[in-house]
Amino acid sequence: MDDVEVPIFYDDEVDFVEHEYLQDVEYEYEYENVERETLFELYQYCLRPTIYDTVSYILPLFISTIIFRLCAYSRHVSHRTFHILSMLIGICNIYRYVAECLYTLLILCTISYITLHIPKKYCKYMGIFLPSLFIITYCEFTMSSIVWHKIRSVVMTMAMKTISIAIDRSDTNDLPNIFAYMGYMFCSVTCLFGPWISFKDYISIRYTTHQDKWWILYTIQHVFLSLLFLSISNCWAQWMIAETSWKWLLAYRDALSFRMSHYFISYIASSLLLLGGFPSTLSTVVKPLKIELPHSLVHVVICWNIPMHFWLKTYIFRPSIKYLGKFGAVTMTYLTSALLHGLNFQLAAVLLSLGFYTYVEFQFRYMLANIFDACVASKQCTKTKCTHAYNIHNSWWVLLINMMFSGLSIFHLAYLGLMFDTSELQETGYSYIHTIEKWSQLGFASHWVVFATYCIYFLIR
């Protein structure tokens, strides 16, 4: 099954903790009656407070990560003590930033650990997912919208950890002890901003050191890029594209702002991984250039959150394809991603739309590549391994076709990301009415384009 090339998407919607502290003040005025801010005003009223507040906000998290690193690398700290300290530091961070979900996470970890000790014949397949689904459903229906939207990503990361351990355990009888389990679940490096890392990667930090000698420079670089992306999301995007612009340009601006905030979180997570002592191979969470200048939507969904893509492919897609086939496995993967993000119509609509988009694009471009023997498939061939007769190096029309599909991907990203705007709904989550209204303003154009693409594929396949 490793050779199967089927797109998988997850949207790590950037529900980063206490997002409201990182947003600029919303001004109440009519845009058409106000001149654009000068660069100095932009710096004074947006850039400076945004950077200052963000650095002040995340500084304690970086300090706790340094403490975690010292504990992990110290030979004077036993393994059991390290796991206990990892858990305590993580709990302190959760209490400081998202205290609302501390007891919920403790309950999830307790139930999940008990589930690990239930005999396989009584707990397999759906039984592995039940504790996480129960907790997510509980949060969805009992917590206020603002609180749940604030802590959703933290709960999702924890749920992914519990599920991955449960599935790995189904293949072996090597169960982690309670100290290692809780240390992994509440690991201070990943408990807030993620990303998901495997239990094996968490344990290996005590035994091997794979960090590059320039890790501190890479950490500084990641922090700088994260702040740059945050400034674009909060300040530059709104400054460059005014409210009076064309509706499709506004859609691109809102989607761009959303993507930049995701890059901010991803690079903060990468910085924490490097600072916490994890190898640089785990620090790549997102690839912005492959998203902003995409070869295909398939590349976008893979590069959006690389650790989660690996998790979905390993624990959902590959087991499902044996029983459901390619299309069924893709659908199951997107449904699982939607459930992990919470029972939210907007997220489900975007994720399922992307599931259909990527499936249609993959099949359509694969068919074109076979018909014309041209390198136009969703997965781009490497220069040395391309077996097609025509490619971007010897045929201008292959380059043109690939550029057209890239432009189409940018169009789809603007359409799907439109509803993740900076309205007041971002604090409570976006309703289905908001989603339908946003898409209806653009005439459901993206969905019609994909439907037409599928019709063409169906007629000539």
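Residues numbered from 1 in each chain as written. Predicted model: local features only at pLDDT ≥ 70, side-chain atom pairs only at ≥ 80, totals over all residues. Heavy atoms only, no water.

- As named in an unreviewed UniProt entry, the protein chain is Protein-serine O-palmitoleoyltransferase porcupine, taken from Bombus impatiens.
- UniProt lists a comment for the protein chain under the heading Subcellular location (unreviewed entry), and it reads "Membrane".
- Under the UniProt heading Sequence similarities (unreviewed entry), the entry covering the protein chain gives this text: "Belongs to the membrane-bound acyltransferase family. Porcupine subfamily." (UniProt positions renumbered as here; feature names shortened; annotations may be inferred.)

### Comments concerning the overall build of the protein chain
(1) Moving on: Regarding its fold elements, the protein chain presents 16 helices and zero strands.
(2) Moving on: The 461 residues of the protein chain split such that 53% are buried.
(3) Moving on: Considering only contacts within the protein chain whose residues lie at least 6 apart along the sequence, 75% involve residues at least 24 apart.
(4) Moving on: Split by element, the accessible area of the protein chain, about 22,100 Å² in all, is 65% carbon and sulfur. (Helix = DSSP H or I, 4+ residues; strand = E, 2+ residues; numbered from the N terminus. Buried < 20%, exposed > 50% of the residue type's maximum accessible area, 1.4 Å probe, protein only. Contact = heavy atoms within 4.5 Å. Areas by Shrake-Rupley, 256 points an atom, 1.4 Å probe, with all protein chains shown as cover.)

### A look at the environment of Asp373
(1) Moving on: Position of Asp373 relative to the elements: it lies in the loop between α13 (345-372) and α14 (396-416).
(2) Moving on: For Asp373 and His388, which are 15 residues apart along the polypeptide, the C-alpha to C-alpha distance reads 5.3 Å.
(3) Moving on: Residues in contact with Asp373, not counting those within four places in the same chain, are Leu368, Thr387, His388, Ala389 and Tyr390.

### Section: the packing of helix α11 (residues 297-304) against α13
Pairs of packed helices are described in terms of their axes, by the angle between the two and the distance that separates them.
(1) Moving on: Their axes nearest at 9 Å, the elements α11 and α13 cross at an angle of 135 degrees. In terms of their interaxial angle, α11 and α13 are classed as oblique. Touching Leu297, Val298 and Val301 of α11 are Leu354, Tyr357, Thr358, Glu361 and Phe362, all from α13.
(2) Moving on: Grouping the amino acids of the contact of α11 with α13 by side-chain chemistry returns six nonpolar, one polar and one charged. (Axes fitted to C-alpha atoms, helices over the stretch in contact; angles between N-to-C directions. Parallel < 35°, antiparallel > 145°, perpendicular 65-115°, else oblique. Nonpolar A, V, L, I, M, F, W, Y, C, P; charged D, E, K, R; others polar.)

### A short note on a nonpolar patch on the surface
(1) Moving on: Together, Ile371, Phe372, Ile456, Phe458, Leu459 and Ile460 make up a nonpolar patch on the protein surface, roughly 630 Å² of accessible area in all.
(2) Moving on: Elements represented by at least two residues in the nonpolar patch include exactly α13 and α16 (445-460).
(3) Moving on: Per-element tally for the nonpolar patch: the top contributor is α16, with four residues.
(4) Moving on: Residue position: Ile371 is located in helix α13. (Patch = residues over 30% accessible without salt bridge, like charges linked within 9 Å, V, L, I, M, F, W, Y side chains within 5 Å. Salt bridge = Lys/Arg side-chain N within 4 Å of Asp/Glu carboxyl O.)

### A few points about the pattern of salt bridges
When the charged atoms of two side chains with opposite charge come close together, those side chains can pair.
(1) Moving on: Applying the stated criterion across every chain yields a total of four salt bridges.
(2) Moving on: Glu100 is the salt-bridge partner of Lys150, the closest N and O atoms lying 2.9 Å from each other. Note that Lys150 is positioned in helix α5 (residues 145-171) and Glu100 in the loop between α2 (79-98) and α3 (102-116), a separation of 50 residues in sequence.
(3) Moving on: Owing to a relative accessible area of 12%, Lys150 belongs among the buried residues under this scheme.
(4) Moving on: Using a relative accessible area of 36% as the deciding quantity, one classes Glu100 as partly exposed.
(5) Moving on: Two residues, Glu292 and Arg259, come together in a salt bridge whose shortest N-O distance is 2.7 Å. Here the residue Glu292 occupies a position in helix α10 (residues 288-292), and Arg259 occupies one in helix α9 (residues 247-275), the gap between them amounting to 33 residues.

### A short note on the packing of helix α8 (residues 215-240) against α9
(1) Moving on: One can describe the packing of α8 onto α9 by two numbers: an axis separation of 8 Å at closest approach and a directional angle of 160 degrees. In terms of their interaxial angle, α8 and α9 are classed as roughly antiparallel. Where α8 crosses over α9, the handedness of that crossing is left-handed.
(2) Moving on: The residue makeup of the contact of α8 with α9, split by class, is 15 nonpolar, nine polar and one charged. (Left-handed = near helix turned anticlockwise from the far one by under 90°.)

### Details of the packing of aromatic side chains
(1) Moving on: Taken as a whole and assessed by the stated rule, the structure comprises 26 aromatic pairs.
(2) Moving on: A centroid spacing of 6.3 Å and a plane angle of 5 degrees characterise the contact between Phe362 and Tyr366, whose relative ring orientation is stacked. Placement of the pair is Phe362 and Tyr366 together in helix α13, with a separation of four residues, close to one helical turn.
(3) Moving on: Take Tyr366: its relative accessible area is 47%, and that puts it in the partly exposed class.
(4) Moving on: Between the aromatic rings of Trp448 and Phe451, the centroid separation amounts to 6.2 Å while the plane-to-plane angle is 85 degrees, which identifies the pairing as edge-to-face. Separated by three residues within a single helix, Trp448 and Phe451 lie in helix α16, roughly one turn from each other. (Phe/Tyr/Trp six-rings, centres within 6.5 Å; stacked < 30°, edge-to-face > 60°.)

### Regarding the confidence of the model for the protein chain
(1) Moving on: Overall, the predicted model of the protein chain reaches an average pLDDT of 84, with 86% of residues at or above 70.
(2) Moving on: Here residues 1-32 is a poorly scored stretch, pLDDT under 50, and it has 105 contacts once near neighbours within four places are set aside; other chains count. (pLDDT = per-residue confidence, 0-100.)

### Re unusual backbone geometry
(1) Moving on: With an omega of 0 degrees, the peptide bond between Gly194 and Pro195 qualifies as cis.
(2) Moving on: Here Pro195 lies in the loop between α6 (178-185) and α7 (199-204).
(3) Moving on: Even without a glycine there, the phi angle at Asp373 is positive, about 50 degrees.
(4) Moving on: Residue Asp373 is classed as partly exposed on the basis of its relative accessible area of 33%.

### A short note on the state of the cysteines
(1) Moving on: Under the definition given, this model contains one disulfide.
(2) Moving on: Note that Cys46 is cross-linked by a disulfide to Cys235, the S-S spacing being 1.9 Å. Measuring the twist about the S-S bond at about -90 degrees, one finds the Cys46-Cys235 disulfide to be left-handed. Within this pair, whereas Cys46 is found in helix α1 (residues 39-73), its partner Cys235 is found in helix α8, the two being separated by 189 residues in sequence. Judged on exposure class, the residue Cys46 and its partner Cys235 are both buried.
(3) Moving on: For the unlinked cysteine Cys375, the closest cysteine sulfur is that of Cys381, found at 3.7 Å.
(4) Moving on: Residue classification places Cys375 among the buried positions, given a relative accessible area of 9%. (Disulfide = S-S within 2.5 Å.)

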